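Next come the chains, spelled out residue by residue.
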Amino acid sequence: EKYRGLAPMYYRGAVAAIVVYDITSKASFSTLKNWITELQQLGPSNLVICIAGNKCELSDQREVTPEEAVRRARLAGVERIVTICTRLDRYELVREIAVQFDDVYMGVGVHPHEAGDAGIDRPDALIDMAAADPKMVGVGETGLDYFYDFAPKAQQRTSFEAHILAARHLALPLIIHTRDADDDTISILREHWQDGAFPILIHCFTGGQALADAVAP
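Predicted, not measured: the structure shown is a model, and the values here were computed from it. (Residues numbered from 1 in each chain as written. Predicted model: local features only at pLDDT ≥ 70, side-chain atom pairs only at ≥ 80, totals over all residues. Heavy atoms only, no water.)

Caption draft 1: Highlighting unusual backbone geometry. Phi at Asp-149 takes a positive value of approximately 55 degrees, unusual for a residue other than glycine. Inspection of the secondary structure puts Asp-149 in the loop between strand E5 (136–145) and helix H7 (153–170). With a relative accessible area of 34%, Asp-149 lands in the partly exposed category. For Ala-171, which is not glycine, the phi dihedral falls at a positive 55 degrees. Within the element layout of this structure, Ala-171 appears in the loop between H7 and strand E6 (174–179). (Helix = DSSP H or I, 4+ residues; strand = E, 2+ residues; numbered from the N terminus. Buried < 20%, exposed > 50% of the residue type's maximum accessible area, 1.4 Å probe, protein only.)

In structure tokens form, the structure reads like this:
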């Protein structure tokens, strides 16, 4: 919102704009509407606008209910939402939300913050969940976070690798969270890519050029 006046400069000559917003935040939804209006009025006439939601943990009712978050997302033109399960013991809670809406799906995994007491060392549980649940369309959020270091690094790495095995087996995208851990993330991915490719999604990119090059197709 601070840089709204610069939007024409950013998008002059662009063919597409990807607008990401927090679907559980009232202020973010309001800012989104302002940006879309400004882009439509001041951007190129052929500009393609893609709207994507971030922070889609609908079970985390911070400012709005899941119902209200989904309603606002639909008003903004969002056609599908992937809400994230960050611990396997929260799976049923997240699934109860996803099954209420035809356009809400799930990524299921253990966030690196939770790897200390909830991390996994085998892919079996994720494989069994996906086999029984068509709402599960991704594995994760998983990965490495050495910035906050809420869980021991070794347990983060073990859990991350178990998610990789599940994603490959299921042929589902691996949803990766990585922060201040570029080198280990690259090393682990390259090691497992030797056994075959698997799709990945870096859900919020804060890394450097080396990580960008490593994960680029």
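Caption draft 2: Inspection of the side chain of His-111 at higher detail. Topologically, His-111 is positioned in the loop between strand E4 (104–108) and helix H5 (115–118). Looking at His-111, the relative accessible area reads 9%, which means it is buried. Side chain to side chain, His-111 and His-177 meet in a polar contact 3.4 Å long. Sequence-distant contacts of His-111, that is, excluding residues within four places in its chain, are made with Thr-86, Glu-141 and His-177. (Polar contact = N/O pair within 3.5 Å; in protein donor to acceptor, adjacent residues only side chain to side chain. Contact = heavy atoms within 4.5 Å.)

Caption draft 3: Expanded view of the nonpolar core. Val-108, Leu-126, Met-136, Val-139, Phe-160 and Leu-174 are the most contacted members of the largest nonpolar core, which has 38 residues in total. Here the element with the most residues in this core is H7; it accounts for five residues. Dropping the residues within four chain positions of it, Leu-126 is found in contact with Leu-88, Val-108, Gly-109, Ile-120, Met-136, Val-139, His-163, Ala-166 and Leu-170. (Core = buried A, V, L, I, M, F, W, Y, C linked by side-chain atoms within 4.5 Å.)

Caption draft 4: Spatial organisation of the packing of aromatic side chains. Within the structure shown, the criterion is met by three aromatic pairs. When the ring of Phe-147 is compared with that of Tyr-148, the centres are 4.8 Å apart and the planes differ by 90 degrees; the resulting orientation is edge-to-face. Where Trp-193 meets Phe-198, the ring centres are 5.9 Å apart and the plane angle is 35 degrees; that geometry is what we call tilted. Judged by its relative accessible area of 25%, Trp-193 falls in the partly exposed class. Chaining the aromatic ring pairs together yields one cluster made of Phe-147, Tyr-148 and Phe-150. Lying over the aromatic face of Tyr-105, Lys-135 brings its terminal NZ or CZ to 4.8 Å of the ring centre. Across from the ring centre of Tyr-146, 5.0 Å away, lies the NZ or CZ of Lys-153, which sits over that ring. (Phe/Tyr/Trp six-rings, centres within 6.5 Å; stacked < 30°, edge-to-face > 60°. Lys NZ or Arg CZ within 6 Å of the ring centre and 35° of its normal.)

Caption draft 5: Structural detail: helix H6 (residues 124–132). For H6, the set of buried residues is Leu-126, Ile-127, Met-129 and Ala-130. Projected onto a plane normal to the axis of H6, the buried residues spread over an arc of 165 degrees and lie on a single side. For H6, the exposed residues lying more than 90 degrees away from the buried face are Asp-128, Ala-131 and Ala-132. Structurally, H6 contributes buried residues whose contacts are with helix H4 (91–98), E4, E5 and H7. (Arc of directions from axis to C-beta.)

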